[in-house]
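Fold and contact review
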Amino acid sequence: MDLNADLGEGFGHWTLGDDATLLTLVTSANIACGHHAGDPDTMRRTCALAAEADVAVGAHIGYRDLPGFGRRFIDVAPDTLTNEVLAQLAMLSTFARTAGTRVSYVKPHGALYNTLIRHEPQADAVVDAVRLFDPSLAVLGPPGAVWLKRASVAGLRTWHEAFADRAYTSAGTLVPRTEPGAVLRNPTEIAARCVQLATEGWVRSITGHPVRLQADSICVHGDTPGATSIARAVRTALEAAGVEVTRVESPLRHARHAG
């Protein structure tokens, strides 16, 4: 099981989360590419920390929406969205190479992540950007998302993700952040939930119903209060349960999920 976190989400003098500590706990880092958060200084610093920790670097792409932290839907034209994603991939890739590492996968952020579950034109636009930039990149998203289906058809490697610190509905979708109980905060309970997910393939929904989830990677949000405690508890519990915590780009896993 891969363990990922959204990192590099500061901007200028504003910082968010404890990236340095999280990079000692996770195996993959979704690094903001400057559209929903992040700037050149932050990207270069976070890539360097990821390289030092031998953590896989992922491009955390989003809408061009710094004021809204990328959590607002934007009805951007597909061609423009393709170009905006290409720009984000190019910028992060530059800093990754400077740090002696590389971008190995792509994960959308916030409103774009949710939009690509069903929005076909924007899904195709993002798939086109990844394919044009580097078709060897893996793409990360929720099971059943339209964009993962389109990515697979385009020959990209697809990875399924679940969230450690977010509640699920009985339909297997995330509870909106605006609703009570959407964000989970107890590290012990979250860790037990992640072990159940990794070993049995299901979690309990916010209404108490079992929900089947296919996951290659578990995400801990870097901006969740207590994120480092949550990540540490999850990793410790997974390893204690005999679950190998390994990078999303492991060559063995590449072979298993190719195409």
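What this report covers is the structure whose coordinates are included nearby.

Reading the values: rules and limits
Residues numbered from 1 in each chain as written. Predicted model: local features only at pLDDT ≥ 70, side-chain atom pairs only at ≥ 80, totals over all residues. Heavy atoms only, no water. Buried < 20%, exposed > 50% of the residue type's maximum accessible area, 1.4 Å probe, protein only. Core = buried A, V, L, I, M, F, W, Y, C linked by side-chain atoms within 4.5 Å. Contact = heavy atoms within 4.5 Å. Helix = DSSP H or I, 4+ residues; strand = E, 2+ residues; numbered from the N terminus. Expected span 1.5 Å × (residues − 1). Pairing = 2+ DSSP bridges. Axes fitted to C-alpha atoms, helices over the stretch in contact; angles between N-to-C directions. Parallel < 35°, antiparallel > 145°, perpendicular 65-115°, else oblique. Left-handed = near helix turned anticlockwise from the far one by under 90°. Nonpolar A, V, L, I, M, F, W, Y, C, P; charged D, E, K, R; others polar. Phe/Tyr/Trp six-rings, centres within 6.5 Å; stacked < 30°, edge-to-face > 60°.

For the rest of this paragraph, the subject is unusual backbone geometry. Look at Asp54: it is not a glycine, yet its phi comes out positive at around 60°. Under the relative-accessibility criterion, Asp54 is labelled exposed at 53%.

Another point: the nonpolar core. Core analysis: the largest hydrophobic core is formed by 69 residues, its most contacted members being Ile61, Leu92, Val139, Trp147 and Val234. When sequence neighbours within four positions are dropped, the list of residues in contact with Trp147 reads Val106, Pro108, Leu116, Ala123, Val126, Val127, Val139, Leu140 and Gly141. Ala56, Tyr105, Ala138 and Leu140 belong to the second-largest nonpolar core, a separate cluster that totals 6 residues.

Another point: helix H7 (residues 187-200). With 14 residues, H7 should cover 20 Å at 1.5 Å per step; its first-to-last C-alpha distance of 19 Å lies within 8% of that length. Inspection of H7 places Ile190, Ala191, Arg193, Cys194, Val195 and Leu197 among the buried residues, and these make up the whole buried set. In this structure, the buried residues of H7 make contact with strand S6 (157-163), strand S7 (202-204), strand S9 (217-221) and helix H8 (227-240). Of the residues trailing H7, Gly201 is marked for its positive phi of about 80°.

All right, on to the sheet that holds strand S5 (residues 138-141) then. Spatially, the 7 strands close up into a barrel ordered S1-S2-S3-S4-S5-S6-S9, and their pairing is parallel. Neighbour to neighbour, the strand axes of the sheet diverge by 30° on average, direction disregarded. Summarising the sheet, strand S2 (residues 28-32) and strand S3 (residues 56-61) pair through 5 bridges and their orientation is parallel. The residue of S3 that forms the bridge with Asn30 is Gly58. Packing of helix H3 (residues 78-98) onto the sheet brings it into contact with S2, S3 and strand S4 (103-108), and relative to S3 it is tilted by some 150°.

Once that is clear, we can look at the pairing of S9. With respect to burial, S9 is a largely interior element, 5 of its 5 residues being buried. With burial as the criterion, each face of S9 is covered, one bearing Ser217, Cys219 and His221 and the other bearing Ile218 and Val220. Here strand S1 (residues 2-7) pairs with S9 via 5 bridges, running parallel. Residue pairing for S9: Asp2 is matched across the bridge by Ser217. As judged from the 3 bridges shared by S6 and S9, these two strands associate in the parallel manner. When the bridges of S9 are listed, Glu161 appears paired with Ser217.

Take the packing of helix H2 (residues 40-53) against H3 next. Axis separation between H2 and H3 bottoms out at 8 Å; the angle between their running directions is 45°. What the angle tells us is that H2 and H3 run oblique. Like other packed secondary-structure pairs, H2 and H3 cross with a definite hand, here right-handed. Of the residues in H3, those touching H2 at Pro40, Met43, Arg44 and Cys47 are Met91, Leu92, Phe95, Ala96 and Thr98. Residue composition of the contact of H2 with H3, by class: 7 nonpolar, 1 polar and 1 charged.

Once that is clear, we can look at the packing of aromatic side chains. Tallied over the full model, the rule gives 2 aromatic pairs. Pairing Tyr63 with Phe73 gives two aromatic rings, centres 6.1 Å apart and planes at 85°, and the pair type is edge-to-face. Here the residue Tyr63 occupies a position in the loop between S3 and H3, and Phe73 occupies one in the loop between S3 and H3, the gap between them amounting to 10 residues. Overall, Tyr63 belongs to the buried group, its relative accessible area being 0%. The exposure class assigned to Phe73 is partly exposed, which follows from its relative accessible area of 46%. Ring geometry for Tyr113 versus Phe163: centroids 5.6 Å apart, planes at 75°, classification edge-to-face. Residue Tyr113 is located in helix H4 (residues 110-115), and its partner Phe163 is located in strand S6; the two are separated by 50 residues in the primary sequence.

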